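Chain by chain, the residues:
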Amino acid sequence: MQFEGKIWHKEERLYELEARITGSIELICDRSGEEYTKQLDEHLHYLLCDGLYESELGNDTLEVVEFFDGFADIEFLLQSELESIRLEYHTKDEKE
């Protein structure tokens, strides 16, 4: 699996992360129960907040990840995204 992207400072305590995950992932077909390999090319876009995020607009639709003590755990973000992909409905014959 390859994870590459960029992160930049947007405003006080707020950063933006744009990245791409490429590679192959082992999945289980929800129809047959068989394991198979799928090629990934996923785009990610997150806002990262150093501390608790409070939207001034009341907009809860943003993908905001809170981190603390000045440390954003990018590996955790990658693992979370991969687990989210694994939890989706998959079939061996789905179009990629």
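The rules behind these values
- Residues numbered from 1 in each chain as written.
- Predicted model: local features only at pLDDT ≥ 70, side-chain atom pairs only at ≥ 80, totals over all residues.
- Heavy atoms only, no water.
- Helix = DSSP H or I, 4+ residues; strand = E, 2+ residues; numbered from the N terminus.
- Buried < 20%, exposed > 50% of the residue type's maximum accessible area, 1.4 Å probe, protein only.
- Pairing = 2+ DSSP bridges.
- Axes fitted to C-alpha atoms, helices over the stretch in contact; angles between N-to-C directions.
- Contact = heavy atoms within 4.5 Å.
- Core = buried A, V, L, I, M, F, W, Y, C linked by side-chain atoms within 4.5 Å.
- Polar contact = N/O pair within 3.5 Å; in protein donor to acceptor, adjacent residues only side chain to side chain.

On to unusual backbone geometry. Residues other than glycine predominantly adopt negative phi, and peptide bonds predominantly adopt the trans conformation. Phi at arginine 13 takes a positive value of approximately 65°, unusual for a residue other than glycine. Positionally, arginine 13 belongs in the loop between β1 (2-11) and β2 (14-28). You will see that aspartate 69, though not glycine, has its phi angle at about 60°, which is positive. In this fold, aspartate 69 is placed in the loop between β4 (64-67) and α1 (74-87). Of the residues examined, aspartate 69 reaches a relative accessible area of 81% and is grouped as exposed.

Pairing between the strands of a sheet is mediated by backbone hydrogen bonds and can be parallel or antiparallel. Across the sheet, four strands lie side by side as β1-β2-β3-β4; this open sheet has mixed pairing. Sheet topology places β1 and β4 at the edges, where each strand pairs with a single neighbour. Each strand axis lies, on average, 35° off the axis of its neighbour in the sheet, ignoring direction. In this structure, β1 lies alongside β2, joined through nine bridges in antiparallel fashion. The partner of tryptophan 8 across the bridge, within β2, is glutamate 16. On the sheet, α1 packs against β1, β2, β3 (35-50) and β4 and is oriented at approximately 45° with respect to β2.

Counting residues in hydrophobic clusters, the biggest one holds 16 residues, and the most contacted among them are Leu17, Ile21, Ile25, Leu40, Tyr46, Leu48 and Leu82. Looking at this core, the elements that each hand over two or more residues are β2, β3 and α1. Not counting chain neighbours up to four residues away, the residues in contact with isoleucine 25 comprise Met1, Tyr36, Thr37, Lys38, Leu40, Leu82, Ile85 and Arg86.

Attention shifts here to the side chain of threonine 91. With respect to the helices and strands, threonine 91 occurs in the segment after α1. For threonine 91, a relative accessible area of 5% gives the class buried. Separated by 3.1 Å, the side chains of threonine 91 and aspartate 93 make a polar contact.

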